Amino acid sequence: MTKNDQTKFIFVTGGVVSSLGKGIASASLGMLLQARGLKVTILKMDPYLNVDPGTLSPYQHGEVYVTDDGAETDLDLGHYERFLNINLGKKNNATTGQIYYTVIKRERNGDYLGKTVQIIPHITDEIKRRIREVANGVDVVITEVGGTIGDIESLPFIEAIRQFRLDVGSDNLVNVHLTLVPYIRAAGEYKTKPTQHSVMRLREIGIQPDILLCRTESPLDTDLKKKIALFCSVPVDSVISADDVSTIYEVPLMLREGGLDEIVVNILELKTGKPKLSGWKKFVNKVKNPSSEVRIVVCGKYIELKDSYKSIAESFIHAGVANDTRVKLKWVEAEDIEKYGAEKYLKDMSGLLVPGGFGSRGSEGKIDAVRYARENNIPFFGICLGLQCAVIDFARNVCGLENANSTEFNENSPHPVIDLMEEQKRIKSKGGTMRLGSQPCAIKKDSLAFKIYKSELINERHRHRLEVNEKYYEILEKHGMVFSGINPELDLVEMIELPEHPWFIGVQFHPELKSRPLNVHPLFREFVGAALKYGNR
Ligand code: GLN
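Residues numbered from 1 in each chain as written. Predicted model: local features only at pLDDT ≥ 70, side-chain atom pairs only at ≥ 80, totals over all residues. Heavy atoms only, no water.

## Structural notes on the overall build of the protein
Scanning the protein for helices and strands turns up 19 helices and 23 strands. Taken over C-alpha atoms, the radius of gyration comes to 25 Å for the protein, in line with the 24 Å a tight globule of 537 residues would show. Structurally, the protein occupies a C-alpha span of about 75 × 60 × 50 Å along its principal axes. Put simply, the protein has 537 residues, and 58% of those count as buried. Considering only intrachain contacts with a sequence separation of at least 6, the fraction spanning at least 24 residues in the protein is 74%. Looking at the protein as shown, the accessible area adds up to about 22,600 Å², and 49% of this sits on carbon and sulfur atoms. Here the protein holds 70 positive side-chain charges and 71 negative ones, and the gap between their average locations is 3 Å. (Helix = DSSP H or I, 4+ residues; strand = E, 2+ residues; numbered from the N terminus. Rg over C-alpha atoms; globule rule 2.2 N^0.38 Å. Buried < 20%, exposed > 50% of the residue type's maximum accessible area, 1.4 Å probe, protein only. Contact = heavy atoms within 4.5 Å. Areas by Shrake-Rupley, 256 points an atom, 1.4 Å probe, with all protein chains shown as cover. Lys, Arg positive; Asp, Glu negative; His and termini not counted. Charge placed at Lys NZ, Arg CZ, Asp CG, Glu CD.)

Okay, structure coming up:
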């Protein structure tokens, strides 16, 4: 059980504009409290009607983050898991869609016994139930509410937070509001009005924030803090400046400087020591001051929106620190490779990563990029669709299977080396038809994969429909492809490698979802190591 017998609740809302970094701020606060020895969990409430983000285009909300238990969640869960080094699950992300769906199902079941079903109390009760549901056995629950104050969509969540104070009492709850204090160049000054208005909107609904985190370009001076404190009825010490920093991993350290965790534990009357942050500080220092640099290409199709590959980019930061280097990622649009050839983009590079993806656009570019890396001994790491492209290249160009392809790209390929499993072919709906979440993988003893994992059985997270087609196992193996990881329950290929090549690995799962700053994923660590060894040309 926990040290403090009453679970405490922290709510993080955002004002003025989106994209202020509410997810990072929530994760940072969680990490600071955890570093004080408290048991912390975090959940994200997303005010959109989709039941989960799984069917959203990555252009809409960035990457879909998958948890061990197979939930397709908002990418903020990735920040939470990375900052707190914990594993979250289905219960840590709720959307308006899920909440209404639950209430409406209950109504159809007759569970409300003929009562009129309403936003207050039925929807707000369901929101509160979900917050309490994760509270068991933890000291602190942090709830981040997506969207911006003033949005129609987030109102039921804000109303639920208002009620929560009545339910648990003021010593057990903290409201943190993240706002923007913009610098207006023409006037040469910082402006507090947007923050004042945002807090006014909160107060209209009945919420008085306890702490304001003010995003600014540079630290707020005391006069500005005093002004904000006065207009927003917040103690001046609780107006905390959250300036731009060079790496997101520095945010907890900056917020600690501003006194955030101290104020929170004081309000909540939590008895803890000072946070232990030496490992984290060392990590941040290494992110900022590496001894070398290595250039790696990421070739995908959602390149314009870097958030689509958030966890991959973060994993490379972790792997850079583990190798005392800075990984410079060059994002290459797969369709550009189709137009201008792989050589143009890869010839001076030390590694190629082909990430996951859906749909045929750019597939030929990705397959050609893999061919180039394979033929030129450039370290290659294929993730999910990246593995599938590697199998296609190998089938076509090494095994001589002309027009080999994935049925996702060409249903009529004469050699469908990547295909749906028989039992999946009958399913038509798009939601929930994938292999999702953590699954076991047995590793071949004398493989590169074994050298890296140092284990014969691992677990990794999945999110895909198609698989290497078992009809082609024999010919692929005969030509030198090694299936170094196999799902022992489903007998499916999970990892491939080419022993002839210095570092060529494809994985059907998503290792980037399990890399943490202080616990880097071994595949990323070793891939970056191999890229360093290959050297910048
Ligand atoms: N589109 C492929 C599949 O469904 C790959 C998915 C992915 O890369 N996550 O199998």
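## Notes on unusual backbone geometry
Ile-120 connects to Pro-121 through a cis peptide bond whose omega is 10 degrees. Tracing the backbone through its elements, the reader meets Pro-121 in helix H5 (residues 119-133). Its identity as a non-glycine residue notwithstanding, Asn-377 has a phi of 60 degrees, on the positive side. As for its placement among the helices and strands, Asn-377 is situated in the loop between helix H15 (363-375) and strand E15 (380-383). Here Asn-377 falls in the partly exposed class, since its relative accessible area comes to 36%.

## Quick word on the sheet that holds strand E16 (residues 404-406)
In spatial order, the strands read E16-E17-E20; together these 3 strands make up an open sheet with mixed pairing. Two strands close off the open sheet at either side, each with one partner strand: E16 and strand E20 (466-468). Each adjacent strand pair in this sheet contributes to an overall mean axis angle of 30 degrees, direction not counted. One ladder, built from 3 bridges, connects E16 with strand E17 (residues 415-420); its direction is parallel. Paired with Ser-406 across the strands is Ile-418, a residue of E17. (Pairing = 2+ DSSP bridges. Axes fitted to C-alpha atoms, helices over the stretch in contact; angles between N-to-C directions.)

## Some thoughts on the packing of aromatic side chains
As enumerated under the stated definition, the model contains 17 aromatic pairs in all. With a centroid separation of 5.4 Å and an interplanar angle of 50 degrees, the aromatic rings of Phe-83 and Trp-280 are classed as tilted. With Phe-83 in helix H3 (residues 76-84) and Trp-280 in helix H11 (residues 278-288), the pair connects residues that are 197 residues apart, well separated along the chain. Note on Phe-83: relative accessible area 2%, which makes it buried. For the ring pair Phe-316 and Phe-524, a centre distance of 5.2 Å and an interplane angle of 85 degrees mean the geometry is edge-to-face. With Phe-316 in helix H12 (residues 310-322) and Phe-524 in helix H19 (residues 522-534), the pair connects residues that are 208 residues apart, well separated along the chain. (Phe/Tyr/Trp six-rings, centres within 6.5 Å; stacked < 30°, edge-to-face > 60°.)

## Points about the state of the cysteines
In the structure shown here, the tally under the stated rule is 0 disulfides. Note on Cys-399: no disulfide assigned, nearest cysteine sulfur contributed by Cys-389 at a separation of 16 Å. (Disulfide = S-S within 2.5 Å.)

## Details of the environment of Phe-381
Note on placement: Phe-381 falls in strand E15. Spatially, the C-alpha atoms of Phe-381 and Gly-506 are 5.7 Å apart, while their sequence positions differ by 125 residues. Setting aside its immediate chain neighbours within four residues, Phe-381 contacts Leu-352, Leu-353, Val-354, Trp-503, Ile-505, Val-507, Pro-511, Leu-523, Phe-524 and Phe-527.

## Let's talk about the environment of Val-354
Note on placement: Val-354 falls in strand E14 (residues 351-354). Each C-alpha atom of the pair Val-354 and Gly-485 lies 19 Å from the other, and the pair is 131 residues apart in sequence. Other than its neighbours up to four places away in sequence, Val-354 contacts Cys-299, Lys-366, Val-370, Phe-380, Phe-381, Gly-382, Ile-383 and Gly-386.

## Some details on the site of the ligand
By nearness alone, every residue bordering the ligand is listed as Gly-356, Gly-357, Phe-358, Cys-384, Leu-385, Gln-388, Glu-408, Arg-463, His-464, Arg-465, Leu-466 and His-510. At 2.8 Å, a backbone N or O of Arg-463 approaches a nitrogen atom of the ligand. Within the backbone of Arg-465, one N or O atom sits 2.9 Å away from an oxygen atom of the ligand. Expressed as a share of its isolated accessible area of 300 Å², the protein-covered part of the ligand is 98%. The set of elements that each furnish at least two residues to the shell around the ligand consists of helix H16 (385-397) and strand E19 (457-464). (Near = heavy atom within 4 Å. Polar contact = N/O pair within 3.5 Å; in protein donor to acceptor, adjacent residues only side chain to side chain.)

## As for helix H4 (residues 96-108)
Across its 13 residues, H4 extends 18 Å between first and last C-alpha, which sits within 8% of the 18 Å expected from 1.5 Å per residue. Within H4, the full set of buried residues consists of Thr-96, Gly-97, Gln-98, Ile-99, Thr-102 and Val-103. Looking at the buried positions of H4, the neighbouring elements they touch are strand E2 (40-46), strand E5 (93-95), H5 and helix H6 (155-168). Backbone geometry just after H4 places Gly-110 at a positive phi near 80 degrees. (Expected span 1.5 Å × (residues − 1).)

## Here's the deal with the nonpolar core
Within the largest apolar cluster, 48 residues are counted, with the highest numbers of intra-cluster contacts made by Ile-10, Leu-33, Ile-211, Leu-213 and Leu-255. The element best represented in this core is helix H1 (residues 22-34), accounting for 7 residues. The contacts of Ile-211, once residues within four sequence positions are left out, are Val-174, Asn-175, Val-176, His-177, Ser-238, Ile-240, Leu-260, Ile-263, Val-264 and Ile-267. One finds Val-297, Leu-346, Leu-401 and Tyr-473 within the second-largest nonpolar core, a separate group that totals 44 residues. (Core = buried A, V, L, I, M, F, W, Y, C linked by side-chain atoms within 4.5 Å.)

## Thoughts on the pattern of salt bridges
Summed over all chains, the structure comprises 40 salt bridges. Of the charged contacts in the structure, one is a salt bridge between Asp-74 and Lys-44, with a shortest N-O distance of 3.1 Å. Remark: Lys-44 occurs in strand E2 and Asp-74 occurs in the loop between strand E4 (72-73) and H3; sequence separation between them is 30 residues. Each member of the pair, Asp-74 as well as Lys-44, carries the same accessibility label: buried. Arg-162 is paired through a salt bridge with Glu-159; the nearest N and O atoms lie 2.8 Å apart. (Salt bridge = Lys/Arg side-chain N within 4 Å of Asp/Glu carboxyl O.)

## A word on the packing of H1 against helix H10 (residues 260-268)
At a closest axis distance of 10 Å, the pairing of H1 and H10 adopts a crossing angle of 70 degrees. Our classification of the angle between H1 and H10 gives roughly perpendicular. By crossing handedness, the relation of H1 to H10 is classed as right-handed. In this structure, H1 uses Leu-29, Leu-32 and Leu-33 to contact H10, whose residues at the interface are Leu-260, Asp-261, Val-264 and Val-265. Taken together, the residues of the contact of H1 with H10 sort by class into 6 nonpolar, no polar and 1 charged. (Parallel < 35°, antiparallel > 145°, perpendicular 65-115°, else oblique. Left-handed = near helix turned anticlockwise from the far one by under 90°. Nonpolar A, V, L, I, M, F, W, Y, C, P; charged D, E, K, R; others polar.)

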